[in-house]
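Here is how the chains run, residue by residue.
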Amino acid sequence: DASNSAYVIFTSGSTGVPKGVIHGHGSVSLSLSECIEKLQIDSSTRFMQSASLAFDASILEVFAPLAAGGCLCMISQEERNADLESTMHKLQVSHAWLTPSMVPHIQPESLPTLRSLGLGGEAPTAEILSTWGEKVQLNNMYGTTESGVWDTVKTGVKPGDNPKNVGRSIGNV
């Protein structure tokens, strides 16, 4: 049933007080469907899973490519920390989500298969927009654990755009 629990995730949120948040199948399904469409995830997608499974961003990374018939490319913490760019190249990653502080470790010229790069967890810099905005579908994403993985997405961010623009609501009523 759509109201049955799909997962529980824990956060301290803005209050600093730890709490568990239960997400139902209906809301998770809607959020994933919207993200699949907005981020152009399909059967040709090779999505890198790099977020900790304790972090809600991993819900998108794991389930969106699988729901769209794509490939999930799981990497180890060592691969993420040692040479992320080589790992992404070796796996022919087409889609990735990273925090902006991770992006300087990769360059567009080294990742010819990367089509979509999602940014979240912190505001991107103008330099990231300048470097990546014309090379891939660059997406600025924002979400709160309490309401869903990603609440808003600004797709197709280009050089000169406001790096703090998190776009419009997705998967919400």
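Residues numbered from 1 in each chain as written. Predicted model: local features only at pLDDT ≥ 70, side-chain atom pairs only at ≥ 80, totals over all residues. Heavy atoms only, no water.

A. Layout of the overall build of the protein chain. Along the protein chain, the regular secondary structure elements total five helices and nine strands. Secondary structure elements of the protein chain, listed N to C terminal, follow the sequence β-β-α-β-α-β-α-α-β-β-α-β-β-β. For the protein chain, the C-alpha radius of gyration of 16 Å lies close to 16 Å, the compact-globule estimate for 173 residues. On the principal axes, the C-alpha backbone points of the protein chain span a range of 45 × 30 × 30 Å. When burial is assessed residue by residue, the protein chain has 44% of its 173 residues classed as buried. Long-range pairs, those at least 24 residues apart, make up 44% of the contacts in the protein chain between residues at least 6 apart in sequence. For the protein chain, the accessible surface area stands at approximately 8700 Å², while carbon and sulfur atoms represent 52% of it. Treating the 11 positive side-chain charges of the protein chain as one cloud and the 17 negative ones as another, the clouds have centres 4 Å apart. (Helix = DSSP H or I, 4+ residues; strand = E, 2+ residues; numbered from the N terminus. Rg over C-alpha atoms; globule rule 2.2 N^0.38 Å. Buried < 20%, exposed > 50% of the residue type's maximum accessible area, 1.4 Å probe, protein only. Contact = heavy atoms within 4.5 Å. Areas by Shrake-Rupley, 256 points an atom, 1.4 Å probe, with all protein chains shown as cover. Lys, Arg positive; Asp, Glu negative; His and termini not counted. Charge placed at Lys NZ, Arg CZ, Asp CG, Glu CD.)

B. Region of interest: the environment of Gln 107. Along the polypeptide, Gln 107 turns up in the loop between strand S5 (95-98) and strand S6 (116-119). Overall, the relative accessible area of 32% leaves Gln 107 in the partly exposed class. Between the alpha carbons of Gln 107 and Glu 85 there is a distance of 7.5 Å; along the sequence they are 22 residues apart. Contact partners of Gln 107, with chain neighbours within four places excluded, come to Glu 85, Thr 131 and Trp 132.

C. Up close: the state of the cysteines. According to the stated counting rule, one finds zero disulfides in the structure shown. Of all cysteine sulfurs, the one in Cys 73 lies closest to Cys 71, which takes part in no disulfide; the gap is 4.2 Å. Taking relative accessible area as the criterion, Cys 71 reaches 27% and is therefore assigned partly exposed. Using a relative accessible area of 5% as the deciding quantity, one classes Cys 73 as buried. (Disulfide = S-S within 2.5 Å.)

D. Layout of the nonpolar core. If you look at the biggest cluster of nonpolar residues, it comprises 21 residues, and the most contacted ones within it are Leu 39, Leu 60, Met 141 and Trp 150. Membership of the second largest hydrophobic core comes to 20 residues, among which are Ile 75, Leu 117, Leu 119 and Leu 138. (Core = buried A, V, L, I, M, F, W, Y, C linked by side-chain atoms within 4.5 Å.)

E. Molecular detail of helix H4 (residues 84-91). Within H4 the residues assigned to the buried category are Leu 84, Glu 85, Thr 87 and Met 88. Projected onto a plane normal to the axis of H4, the buried residues spread over an arc of 165 degrees and lie on a single side. In this structure, the buried residues of H4 make contact with strand S3 (46-49), helix H3 (77-82) and S5. Following H4 by one or two positions, Gln 92 adopts a phi angle in the positive range, close to 55 degrees. (Arc of directions from axis to C-beta.)

F. Structural view of a nonpolar patch on the surface. Together, Val 8, Phe 10 and Ile 22 make up a nonpolar patch on the protein surface, roughly 340 Å² of accessible area in all. Residue classification places Phe 10 among the exposed residues on the basis of a relative accessible area of 64%. (Patch = residues over 30% accessible without salt bridge, like charges linked within 9 Å, V, L, I, M, F, W, Y side chains within 5 Å. Salt bridge = Lys/Arg side-chain N within 4 Å of Asp/Glu carboxyl O.)

G. Here's a closer look at the side chain of Gln 137. Within the secondary structure, Gln 137 sits in strand S7 (residues 137-142). Among all residues touching Gln 137, those that are not within four sequence positions of it are Lys 38, Leu 39, Gln 40, Arg 115, Ser 116, Leu 117, Thr 155 and Gly 156.

H. Local environment of the pairing of S6. Judged by which residues are buried, S6 turns out to be covered on both faces: Ser 116 and Gly 118 on one side and Leu 117 and Leu 119 on the other are all buried. Across four bridges, S5 lies against S6 in parallel orientation. Looking across to S6, one finds that Trp 97 is bridged to Gly 118. Where S6 lies against S7, four bridges are found, and the strand directions are parallel. If you follow Gly 118 over to S7, its bridge partner there is Asn 139. With respect to chirality, the unit in which S6 leads through helix H5 (residues 126-132) into the neighbouring parallel S7 is right-handed. (Pairing = 2+ DSSP bridges. Right-handed = clockwise from strand over helix to strand, strands pointing away.)

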